[in-house]
Amino acid sequence: MTLIIFDCDGVLVNSEEVYLAAELEFLASVGVVLERDVYTDTFMGLSPPMWQARLQSIIAEQRSAPLPSDFFVRLDDHTTARIEVHLAALPDARQTIDGIEARRCVASSTPSARLRWKLQQTGLIGLFDPHIFSSDMVANGKPAPDLFLHAAAAMGVQPGECVVVEDSVNGVMAGKAAGMQVIGFTAGAHCAGNHGDRLGMAGADRIVGSYGDLAAALDGLGA
C-alpha cells in the first residue's frame, strides 16, 4: 500500500463525540429525539449539505410544524461553541502518524476552511499539509467514492494502492466504493457499543480500536 487516506472527524480529532453530544442535545431541546446509534450510522461522515438535507427529512417525520427559518443557524452556533472549547487530537495520533513511512493525506467531509482550522488547532496540520482534501472539492460527498478517488488522483496513486482509515459507516462505504482497503477505526469516544460491528457490516476490511493497533494493521497491509 502506497497511500494512507485519513478521515479527520473522529479519526484525527475528537470532533465527532463533541458534535454528537451537542447535536442530540439541541435536537432534544426542540422535541426531536433520535437514538444515538441510529444518528451515528445515518449522519456521520456526510458533507454539511447532505447532513442538513437528510436531517431535515427525518425531522419532518416527527414534527407537523415546519422548522424555524434559523434552525440550522442556531444548531451550528450551538455545536461551534462546543467545538471551540473541546476540540483535541485523539490520543497518540501525532506520534503514530509521524512514524508511518507510507505517504499520507486527509480526506474529510468537513469544508476546506473548517478542516484546516481543526488540524491547525490540534497541531496536526504539519503532518499532512498540503495534502488536505475536502468534500467541497468534489460533486458528491461520502458515501459516494468521489472524495477518495480525488485524493488518490491528486497524490498520483491508484485506488488499489490506498488504505482508508474511517470511523463512519458512510466513510467506509465510500472507501470500498472507491476500490480501496478500509480500516474501520473505533478509537474515538463516540464509537460506543457495537460500532465496530456496524463498520464491518458496511465493508471495513479490518477493525482497529487504538492508534497502537492501527500501526500494526498498516504494517500488515504493507503500508
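Just above sits the structure.
Quick summary incoming for the structure in this document. (Residues numbered from 1 in each chain as written. Predicted model: local features only at pLDDT ≥ 70, side-chain atom pairs only at ≥ 80, totals over all residues. Heavy atoms only, no water.)

This part is about the overall build of the chain. Helix and strand content of the chain: 10 helices and 6 strands. Overall size of the chain, expressed as C-alpha extent along the three principal axes, is 55 × 35 × 30 Å. Taking all 223 residues of the chain together, 49% fall into the buried category. In the chain, once contacts between residues fewer than 6 apart in sequence are set aside, the share between residues at least 24 apart is 68%. (Helix = DSSP H or I, 4+ residues; strand = E, 2+ residues; numbered from the N terminus. Buried < 20%, exposed > 50% of the residue type's maximum accessible area, 1.4 Å probe, protein only. Contact = heavy atoms within 4.5 Å.)

Attention shifts here to the packing of helix 3 (residues 48-62) against helix 4 (residues 71-86). Running from N to C, helix 3 and helix 4 point in directions that differ by 115°, and their axes come no closer than 12 Å. Here helix 3 runs over helix 4; the crossing is right-handed. Residues Trp51, Gln52, Leu55, Gln56 and Ile59 of helix 3 pack against Phe71, Phe72 and Leu75 of helix 4. In terms of residue class, the contact of helix 3 with helix 4 is made up of 6 nonpolar, 2 polar and no charged. (Axes fitted to C-alpha atoms, helices over the stretch in contact; angles between N-to-C directions. Left-handed = near helix turned anticlockwise from the far one by under 90°. Nonpolar A, V, L, I, M, F, W, Y, C, P; charged D, E, K, R; others polar.)

Within this structure, the stated rule accounts for 9 salt bridges. Here Asp70 ties to Arg74 by a salt bridge, and the two come within 3.9 Å at their closest N and O atoms. Using a relative accessible area of 33% as the deciding quantity, one classes Arg74 as partly exposed. Taking the shortest distance from any N to any O, the salt bridge between Lys142 and Glu166 comes out at 2.5 Å. Here Lys142 is found in the loop between strand 3 (132-134) and helix 7 (146-155), whereas its partner Glu166 is found in strand 4 (residues 162-166), with 24 residues between them in sequence. Judged on exposure class, the residue Lys142 and its partner Glu166 are both buried. (Salt bridge = Lys/Arg side-chain N within 4 Å of Asp/Glu carboxyl O.)

The next point concerns helix 3. Taking 1.5 Å of rise per residue, the 15 residues of helix 3 would be expected to cover 21 Å, and the 21 Å separating its terminal C-alpha atoms lies within 8% of that figure. Of all the residues in helix 3, the buried ones are Trp51, Leu55 and Ile59. The arc that holds every buried residue of helix 3, seen down its axis, measures 55°, which confines them to one face. Facing away from the buried side of helix 3 by over 90 degrees, the exposed positions are Pro49, Ala60 and Glu61. Contact partners of the buried residues in helix 3: helix 1 (15-29), helix 2 (36-43) and helix 4. (Expected span 1.5 Å × (residues − 1). Arc of directions from axis to C-beta.)

Along helix 10 (residues 211-220), the positions that sit buried rather than exposed are Tyr211, Leu214, Ala217 and Leu218. Buried residues along helix 10 cover an arc of 105° about the axis, so they all sit on one side. Counted as exposed and oriented over 90 degrees from the buried face of helix 10: Gly212, Asp219 and Gly220. Tucked into the core, helix 10 has its buried residues touching strand 1 (3-6), helix 5 (93-98), strand 4, strand 5 (181-185) and strand 6 (206-208).

Strands belonging to one sheet form pairs held by backbone hydrogen bonds; the direction of such a pair is parallel or antiparallel. With respect to topology, 6 strands assemble into an open sheet ordered 3-2-1-4-5-6, the strand pairing being parallel. Looking at strand neighbours, the two that pair on one side only are strand 3 and strand 6, the edges of this open sheet. Across the sheet, the axes of successive neighbouring strands diverge by a mean angle of 25°, strand direction being ignored. Where strand 2 (residues 103-108) and strand 3 come together, 3 bridges link them in parallel fashion. If you follow Ala107 over to strand 3, its bridge partner there is Phe133. This element, helix 8 (residues 169-177), spans strand 4 and strand 5 of the sheet and lies at about 170° to strand 5. (Pairing = 2+ DSSP bridges.)

Turning to the pairing of strand 2, a few remarks are in order. Burial analysis of strand 2 places 5 of its 6 residues in the buried class, the great majority of the element. In this structure, strand 1 lies alongside strand 2, joined through 4 bridges in parallel fashion. For Phe6, the partnering residue across the bridge sits in strand 2 and is Val106.

Phe6, Leu12, Leu119, Tyr211 and Leu214 are the most contacted members of the largest nonpolar core, which totals 33 residues. For this core, the secondary structure elements donating two or more residues are strand 1, helix 1, helix 5, helix 6 (112-121), strand 4, strand 5 and helix 10. Tallying contributions element by element places helix 10 first for this core, with 4 residues. Dropping the residues within four chain positions of it, Phe6 is found in contact with Val11, Leu12, Ile97, Ile100, Arg104, Cys105, Val106, Ala107, Phe128, Val165 and Leu214. Within the second largest apolar cluster, 22 residues are counted, among which are Ala174, Met180, Val182 and Leu199. (Core = buried A, V, L, I, M, F, W, Y, C linked by side-chain atoms within 4.5 Å.)

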